[in-house]
Amino acid sequence: MLTLFELALADEDVRPSPYCWIVKFALLHKGVQFETKPLPFADKSKYPDPEYGKVPVLVSDGEVVKESAVITQWLDRKYPQNPLVASKAEKAAAEFYAAWIGSALYPALAPMLMMRLFSVIAETDKPYFRQTREGRFGKTLEEVAATPGVAERAEAALAVLAAPLANHRYLGGSAPNLADYIVFGPFMWQRLVTMTELYETPAPVAQWRERMLDLYGGYARDAKSAEAA
Ligand SMILES: N[C@@H](CCC(=O)N[C@@H](CS)C(=O)NCC(=O)O)C(=O)O
């Protein structure tokens, strides 16, 4: 059995970590059985590798595999059927999208989501969350939430994503591949923190989002959101 460790909010059934969503989709793509286990943000002693202190971590028969990109490569080696990336070109495209979400999408989404996320994490995690995130941003969570122009920034980023999605059902072409799962991570992060529409989504992106929610028996659509908690 494969065990995926992921972060949980105050309601342990709410699991929005975007990098964990990449791995969940990769596991579903492979069709392998897996279980998920919740972890708190702050208490690293509960982590399979406390020193690493991050998720996703996948444990397989005592083997501990860390970091989403390493895990997806490990999955393609261990389960060669139905590759997540079928060629070097697909791998290069996935790497491009990973960099794009980091430079274009997260900087726009994070200010919109940080305070909302803070309000739905466990009380015991709040001091740790505030300290680490404020250290990362170099300002208070309240100041981060007041960042101007983030909806416009998200819309500009999604206009780029709409270009391939206007011509293809998935970033992987006619079927989803790792690029889709990487880009969908931030969308799940947002969806499980808030269902509120925070910006205008171009039609090709909105339609792709619905297709992603429907994959694998509606696995992502059925995921519990903090607003339902
Ligand atoms: N580059 C890593 C990023 C992992 C990461 O940032 N994980 C976050 C959750 S999405 C985390 O573990 N945070 C723990 C913390 O904030 O202490 C990957 O791709 O796996």
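Bear in mind that the values here come from a model prediction, so they are computed numbers and not experimental data. (Residues numbered from 1 in each chain as written. Predicted model: local features only at pLDDT ≥ 70, side-chain atom pairs only at ≥ 80, totals over all residues.)

## Topic: the environment of L75
So, step 1. Structurally, the position occupied by L75 is in helix α2 (residues 68-78).
So, step 2. Once residues lying within four places of it in the same chain are set aside, the contact partners of L75 are A26, K30 and L84. (Helix = DSSP H or I, 4+ residues; strand = E, 2+ residues; numbered from the N terminus. Contact = placed C-beta atoms within 7 Å.)

## A short note on the site of the ligand
So, step 1. S17, Y19, K54, V55 and S68 are the nearest of the 13 residues found near the ligand.
So, step 2. Listed by contribution, the elements that provide at least two residues to the shell around the ligand are α1 (18-30) and α2.
So, step 3. Split into classes, the residues belonging to the shell around the ligand amount to seven nonpolar, four polar and two charged. (Near = placed C-beta within 6 Å. Nonpolar A, V, L, I, M, F, W, Y, C, P; charged D, E, K, R; others polar.)

## Structural notes on the domain arrangement of the protein
In many analyses, interface size is given as the accessible surface area lost on bringing the parts together.
So, step 1. Domain assignment breaks the protein into domain 1 (2-78) and domain 2 (88-228).
So, step 2. The C-alpha-based centres of domain 1 and domain 2 are spaced at 18 Å.
So, step 3. Domain 1 puts 17 residues into the contact, and the matching count from domain 2 is 22 residues.
So, step 4. Residue contributions to the side of domain 1 that touches domain 2 peak at seven residues, all from α1.
So, step 5. Its residues assigned to classes, the side of domain 1 that touches domain 2 shows 14 nonpolar, one polar and two charged. (Domains from an automatic or database assignment.)

## Some details on the pairing of strand β2 (residues 34-39)
So, step 1. Taken together, the six bridges between strand β1 (residues 2-7) and β2 define a ladder with parallel strand orientation. Bridge pairing links L7 to L39 in β2. (Pairing = 2+ DSSP bridges.)

## Re helix α4 (residues 126-137)
So, step 1. Over its twelve residues, α4 runs 16 Å from end to end, which matches the ideal 16 Å to within 8%, given 1.5 Å per residue.
So, step 2. Immediately downstream of α4, the backbone of G138 shows phi near 70 degrees, a positive value. (Expected span 1.5 Å × (residues − 1).)

## A few points about the packing of α1 against helix α7 (residues 178-193)
So, step 1. Where α1 meets α7, the closest approach of the two axes is 7 Å, and the angle between their N-to-C directions is 135 degrees. In this view, α1 runs oblique relative to α7, as classed from their interaxial angle. Pair α1 / α7 crosses with right-handed handedness. When α1 is examined against α7, the residues P18, Y19, W21, I22, F25 and A26 are found in contact with a partner set consisting of L178, Y181, I182, F184, G185, P186, M188 and W189. (Axes fitted to C-alpha atoms, helices over the stretch in contact; angles between N-to-C directions. Parallel < 35°, antiparallel > 145°, perpendicular 65-115°, else oblique. Left-handed = near helix turned anticlockwise from the far one by under 90°.)

## Focus on the environment of Y219
So, step 1. Inspection of the secondary structure puts Y219 in the segment after α8 (203-218).
So, step 2. In this structure Y219 comes out as partly exposed when scored by C-beta crowding, with 15 C-beta atoms within 10 Å.
So, step 3. Between the C-alpha atom of Y219 and that of A94, which follows or precedes it by 125 residues, the distance is 22 Å. (Buried ≥ 20, exposed ≤ 12 C-beta atoms within 10 Å, placed from the backbone.)

## Some details on α8
Residues separated by three or four positions in an α-helix point in the same direction, a consequence of the helix having 3.6 residues per turn.
So, step 1. Taken as a whole, α8 has its buried residues at V205, W208 and M212. Along the axis of α8, the buried positions cluster into a sector of 60 degrees, meaning they face one direction only. Away from its buried face by more than 90 degrees, α8 exposes A203, E210, D214, G217 and G218.
So, step 2. Elements in contact with the buried residues of α8: α6 (150-165) and α7. (Arc of directions from axis to C-beta.)

## Digging into the sheet that holds strand β3 (residues 57-60)
So, step 1. Read across the open sheet, the four strands follow the order β2-β1-β3-β4; overall the sheet is mixed. Of all the strands in the sheet, the pair left with one neighbour each is β2 and β4 (63-66). With strand direction ignored, the average angle separating the axes of adjacent strands in the sheet is 25 degrees.
So, step 2. Judged from the four bridges that link them, β1 and β3 form a sheet pairing that is antiparallel. Each bridged residue has a counterpart across the sheet, and for L4 the counterpart in β3 is L58.
So, step 3. Against the sheet, α1 touches β1, β2 and β3, its axis set at about 155 degrees to β1.

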